[in-house]
Amino acid sequence: MRQSTAVKPPHCRYCRKRIGGAATACLYCQGDVRPWAARHAPLVIVNPTAGGGRAARAMPWLRERLETRPEARIEVTGRPGDAEALAADADRLGHDRVIAIGGDGTVQEVVNGLLAAPAPAELGIVPMGSGNDLARSLGLPAELASAWRVAVGSHTRATDVAR
């Protein structure tokens, strides 16, 4: 099967409607317009200390999965607050999905960053911490490859968040 190399028209980053011509604002909601290529470009945030270093040991496996996706980016946290700051900047960097790889603390930071972001983004979770209570509550797989498939997959569901 051949993959099309045609450039797809831009879409609104907020309401996702297709925008024709050289418009810089959405005709429907007045949101910013970004090229289609930026959509479905995950920002992967990894806490290397999660699970006693289990997340760090998974890095080669993760990089291998993203080799064919040059629009994706892997960022490794170095101290508390890094995941929140990276998630808050995801939209500005052209990412519409953030995948948190770590434990409950990493996921909490990423969620806080997404809530502070100007535009909505999807959240994927790959549980690699020692407890993974949230992932277990959501029914996410604990095994790396299965959790990765869910995190990058097209099926999403809404979840309430309390501030």
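As shown above, the structure is provided for reference.
Summarised in this report is the structure supplied together with it. On a predicted model such as this, the values are computed, not experimentally measured, just so you know. (Residues numbered from 1 in each chain as written. Predicted model: local features only at pLDDT ≥ 70, side-chain atom pairs only at ≥ 80, totals over all residues. Heavy atoms only, no water.)

**A closer look at the layout of surface pockets**
Applied cut-off: For cavity detection a 1 Å grid was placed over the protein atoms alone, and a set of points counts as a cavity when a 1.4 Å probe fits there but cannot get out; an open set counts as a pocket when protein lies on both sides within 12 Å along at least five of seven lines, with lining residues being those that have an atom within 4 Å of a point. Grid points are joined across faces, edges and corners, and a volume is the space filled by probe spheres set on the points. Helix numbers and strand numbers start at the N terminus; a helix is a DSSP run of H or I with at least 4 residues, a strand a run of E with at least 2.
By volume, the largest pocket amounts to about 880 Å³. Lining the largest pocket are 30 residues, and of these Leu123, Ile125, Leu138, Arg157 and Thr159 lie nearest its centre. The element contributing the most residues to the lining of the largest pocket is helix α4 (residues 104–116), with 6 residues.

**Regarding the side chain of Asn47**
To keep it simple, the criterion reads: Burial classification: accessible surface area is computed with a 1.4 Å probe over protein chains only, and a residue below 20% of its type maximum counts as buried, one above 50% as exposed, and the rest as partly exposed. Whether two residues touch is decided by their heavy atoms; if any such pair falls within 4.5 Å, the residues are in contact.
Among the secondary structure elements, Asn47 is positioned in the loop between β3 (42–46) and α1 (54–57). When its relative accessible area of 18% is taken as the criterion, Asn47 is described as buried. Once residues lying within four places of it in the same chain are set aside, the contact partners of Asn47 are Ala55, Thr77, Ile101 and Thr106.

**Things to note about the side chain of Thr77**
The topology assignment puts Thr77 in the loop between β4 (73–76) and α3 (82–88). If we ignore the near neighbours within four places in the chain, the residues touching Thr77 are Ile45, Val46, Asn47, Pro48, Asp82 and Ala83.

**A look at unusual backbone geometry**
Backbone geometry at Asn132 places phi at a positive 55 degrees, although glycine is not the residue there. Here Asn132 shows up in the loop between β6 (122–127) and α5 (133–137). A relative accessible area of 13% places Asn132 in the buried class.

**Some words on helix α2 (residues 59–66)**
Selection criterion: By arc we mean the arc of the directions from the helix axis to the C-beta atoms, nothing more.
Those residues of α2 lying buried are Met59, Leu62 and Leu66. The arc that holds the buried residues of α2, viewed along the axis, is 60 degrees, so those residues lie on one side. Contact partners of the buried residues in α2: β3, α1, β4, β5 (97–102) and α6 (144–152).

**Quick notes on the nonpolar core**
Selection criterion: Each nonpolar core is a collection of buried residues, namely Ala, Val, Leu, Ile, Met, Phe, Trp, Tyr and Cys, held together in the definition by side-chain atoms within 4.5 Å.
Val44, Val46, Ile99, Ile101, Val126, Met128 and Trp148 are the most contacted members of the largest nonpolar core, which totals 17 residues. Only β3, α2, β5 and α6 provide two or more residues apiece to this core. It is α6 that provides the largest number of residues to this core, a total of 4 residues. Residues within four places of Trp148 in sequence aside, it is in contact with Val44, Trp61, Leu62, Arg65, Leu66, Ile99, Ile101 and Val126.

**Focus on the pairing of β3**
Convention followed: At least two DSSP bridges between two strands are needed for those strands to be called paired.
Of all the 5 residues making up β3, 5 are buried; the element is thus mostly covered by neighbouring parts of the structure. Along β3, one buried face is formed by Pro42, Val44 and Val46 and the opposite face, lined by Leu43 and Ile45, is buried too. Here β3 runs beside β4; their pairing, made up of 4 bridges, is parallel. By the bridge assignment for β4, Leu43 is matched with Arg73.

**As for the pattern of salt bridges**
Heads up, the rule is: Salt-bridge detection follows one rule: a side-chain nitrogen of Lys or Arg within 4 Å of a carboxyl oxygen of Asp or Glu.
All told, the structure shown has 6 salt bridges when counted by the stated rule. Arg65 is the salt-bridge partner of Glu64, the closest N and O atoms lying 3.0 Å from each other. Judged by relative accessible area, which is 48%, Glu64 ranks as partly exposed. Judged by relative accessible area, Arg65 falls into the partly exposed class, the value being 32%. One salt bridge in this structure joins Arg92 and Asp89, with 3.5 Å as the shortest N-O distance. Judged by relative accessible area, which is 32%, Asp89 ranks as partly exposed.

**Details of the pairing of β6**
How we decide: When the strands point away from the viewer and the connection leading from the first strand across the helix to the second strand turns clockwise, the crossover is called right-handed.
With 6 bridges joining them, β5 and β6 adopt parallel strand pairing. Bridged to Ile101 within β6 is Val126. Handedness of the crossover is the feature at issue here: the chain leaves β5, passes through α4, returns alongside β6, and the resulting connection is right-handed.

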